[in-house]
Amino acid sequence: MSPATGAATLVARRSSRFVAWVRAWRAGLVPYDEIAEEIARGEEHLVADAPGTWTDVPLRNALAAFSKHSPDEIRLVLPAPGDPRGLPGPGPFASAALLAGEAVVARDLGVIPEVRTHTSGSGVTFETLLWRVYPLPTNAPAASLVNPGAAEAEAELSTALAEATAALTRLDVAQWRPELAGALAALRRPDNGIDLPPGFDPRSRRLFARASVLDQVLALAEHAAPGGSVNGHEAQQRDAALRPLTAACRRAVVAACNAPLSA
């Protein structure tokens, strides 16, 4: 796997899988025994500061802390500088969520993923994920009050994509970083894992799949440094054209994961 192909996996919103599968469990649509594996998808996931624990514990052991939460109390938040919607007031959780760019809000609990990089004795680099739990005030605002629904988010995403199409067609990522072609191909594979668990309606599933792929591609483009044929002015124009689409993608992922569930 090339570095860029690996990056395609790393920029996926882990919190989106956490929220979707825990909500489906709390709605009685998937068994508890399945959710940790579905969230981790082969990664090693630990949880720090979970209620009733004194040390880091496996994800499976910590998910019981959400057994008293209803599906609608578990929300995805994807904040960005200048757009903190869905977060409670200022504090350690809000600051960490803005830094991570993603978080889970579950009434009195906030959860943020932290990627940790390790190097083995033989020089092999690998990553683990730590979910850090923060206590939240019980009157924290619900993300649903400040984010669009799936229908509105889908329309916003379509508009943003149409407006950015001209700019996107001019972007030849191969001239900046040729190995990105492999990453983009990986994102288009049918088995890329971009799906929601049972309970989400077809619109939410369609929106999540579309927005997640765009979100990852845009993240890869952002990390691709301009090459010799792309000057600073062109790079600024690219960023300005893609910024509204990036924001629309974030709101679309949030709307899809926070959509009402049905049996």
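Counting restarts for each chain: residues are numbered from 1 in the order of the written sequence. It should be noted that, the model being predicted, local features are given only for residues of pLDDT at least 70 and side-chain atom pairs only at 80 or more, the latter also being counted only at that level, while totals for whole chains, interfaces and linings use all residues. Hydrogens and water are ignored here; the side-chain numbers use all heavy atoms of the structure.

A. Up close: the overall build of the chain. A run of H or I in DSSP becomes a helix once it reaches four residues, and a run of E becomes a strand once it reaches two; helices and strands are each numbered from the N terminus. The helix and strand tally for the chain stands at 10 helices and six strands. Think of it in three bands: residues with accessible area under 20% of the maximum for their type are buried, residues over 50% are exposed, and the middle band is partly exposed, with areas taken using a 1.4 Å probe on protein chains only. A burial count over the chain gives 46% of its 263 residues as buried. Working note: accessible area of the chain is about 12,800 Å², and carbon and sulfur atoms make up 56% of it. Computed by Shrake-Rupley with a 1.4 Å probe, the accessible areas treat only the displayed protein chains as cover when residues are assessed.

B. Region of interest: the nonpolar core. Among the nonpolar cores identified, the biggest contains 51 residues, and Phe18, Leu63, Phe66 and Leu157 are the most heavily contacted of them. Sort the elements by how many residues they give to this core and helix α10 (residues 232-257) lands first, with 10 residues. By definition, residues are in contact when any of their heavy atoms lie within 4.5 Å. When residues no more than four places from it in sequence are discounted, the contact partners of leucine 157 are Leu207, Arg210, Ala211, Leu214, Leu245, Ala248, Cys249 and Ala252. Buried residues of nine kinds, namely Ala, Val, Leu, Ile, Met, Phe, Trp, Tyr and Cys, make up a nonpolar core once their side-chain atoms join them within 4.5 Å. In terms of nonpolar packing, the next biggest core, distinct from the first, is built from 11 residues, Phe93, Val105, Ile112 and Tyr134 among them.

C. Local environment of helix α3 (residues 32-40). Those residues of α3 that fall on the buried side of the exposure criterion are Ile35, Ala36, Ile39 and Ala40. Buried residues in α3, looked at end-on, bunch into an arc of 115°, giving them a common side. Those residues of α3 that are exposed and angled more than 90 degrees off the buried face are Asp33 and Glu37. On its buried face, α3 is in contact with α2 (14-26), β1 (45-48), α4 (59-62) and β6 (125-135). Where α3 ends, the next residue or the one after it, arginine 41, has phi of about 50°, a positive value. Arc, as used here, means the arc of the directions from the helix axis to the C-beta atoms.

D. Up close: the pattern of salt bridges. Here, a salt bridge means any side-chain nitrogen of Lys or Arg that lies within 4 Å of a carboxyl oxygen of Asp or Glu. One pass over the full model with this rule turns up 16 salt bridges. Taking the shortest distance from any N to any O, the salt bridge between arginine 250 and aspartate 83 comes out at 3.2 Å. Here the residue arginine 250 occupies a position in helix α10, and aspartate 83 occupies one in the loop between β3 (74-77) and α5 (92-100), the gap between them amounting to 167 residues. The residue arginine 203 makes a salt bridge to glutamate 154 at a minimum N-O spacing of 2.5 Å. Note that arginine 203 is positioned in helix α9 (residues 202-223) and glutamate 154 in helix α6 (residues 150-169), a separation of 49 residues in sequence. The class for glutamate 154 is buried, based on a relative accessible area of 14%. Through salt bridges that share partners, Asp83, Arg85, Glu156, Arg250 and Arg251 make up one connected network.

E. Region of interest: the side chain of serine 212. Of note, serine 212 is situated in helix α9. Residue serine 212 is classed as buried on the basis of its relative accessible area, which comes to 8%. At 2.7 Å, the side chain of serine 212 and the backbone oxygen of phenylalanine 208 are in polar contact. By the criterion applied in these results, polar contacts are pairs of N or O atoms within 3.5 Å in which, for protein atoms, one can donate a hydrogen and the other can accept it, and in which residues neighboring in sequence qualify only through two side-chain atoms.

F. Spotlight on the pairing of strand β5 (residues 109-119). Should DSSP find at least two bridges between two strands, the strands are regarded as paired. With three bridges connecting them, strand β4 (residues 103-106) and β5 associate as antiparallel partners. Directly across from valine 105, in β5, lies its bridge partner glycine 110. In textbook terms, the turn of a hairpin is the stretch between consecutive antiparallel strands, and for β4 and β5 this stretch comprises two residues, one of which, arginine 107, has a positive phi near 55°. The hairpin turn running from β5 into β6, its antiparallel successor, is five residues long, and glycine 123 in that turn takes a positive phi close to 90°.

G. Just the sheet that holds β5, in detail. Taken in spatial order, the six strands of this open sheet run β2-β1-β6-β5-β4-β3, and their pairing is mixed. In the strand order of this sheet, the two ends are held by β2 (57-58) and β3, each with one partner. Together, β4, β5 and β6 form the strand contacts of α5, whose direction differs from that of β5 by roughly 50°. Under this scheme, a helix contributes an axis fitted over its contacting stretch, all axes are lines through C-alpha atoms, and angles between N-to-C directions fall in the 0 to 180 degree range.

H. Molecular detail of α2. Here α2 contains 13 residues, and its C-alpha end-to-end distance of 18 Å stays within 8% of the 18 Å for a straight helix at 1.5 Å per residue. Burial within α2 is extensive, with 12 of its 13 residues counted as buried. Within the sequence span of α2, burial applies to Arg14, Ser15, Ser16, Arg17, Phe18, Val19, Ala20, Trp21, Val22, Arg23, Ala24 and Trp25. Trailing α2 by a residue or two, glycine 28 shows a phi angle of about 80°, which is positive. Residue count minus one, scaled by 1.5 Å, sets the expected span of a helix.

I. Inspection of the packing of α2 against α3 at higher detail. The interhelical angle for the contact between α2 and α3, taken along N-to-C directions, is 170°, at an axis separation of 9 Å. Between α2 and α3, the crossing angle belongs to the class labelled roughly antiparallel. Facing α2, whose interface residues are Arg17, Phe18, Trp21, Val22 and Trp25, α3 presents Tyr32, Ile35, Glu38 and Ile39. Roughly parallel covers angles under 35 degrees, roughly antiparallel covers those over 145, roughly perpendicular covers 65 to 115, and oblique covers all other angles.

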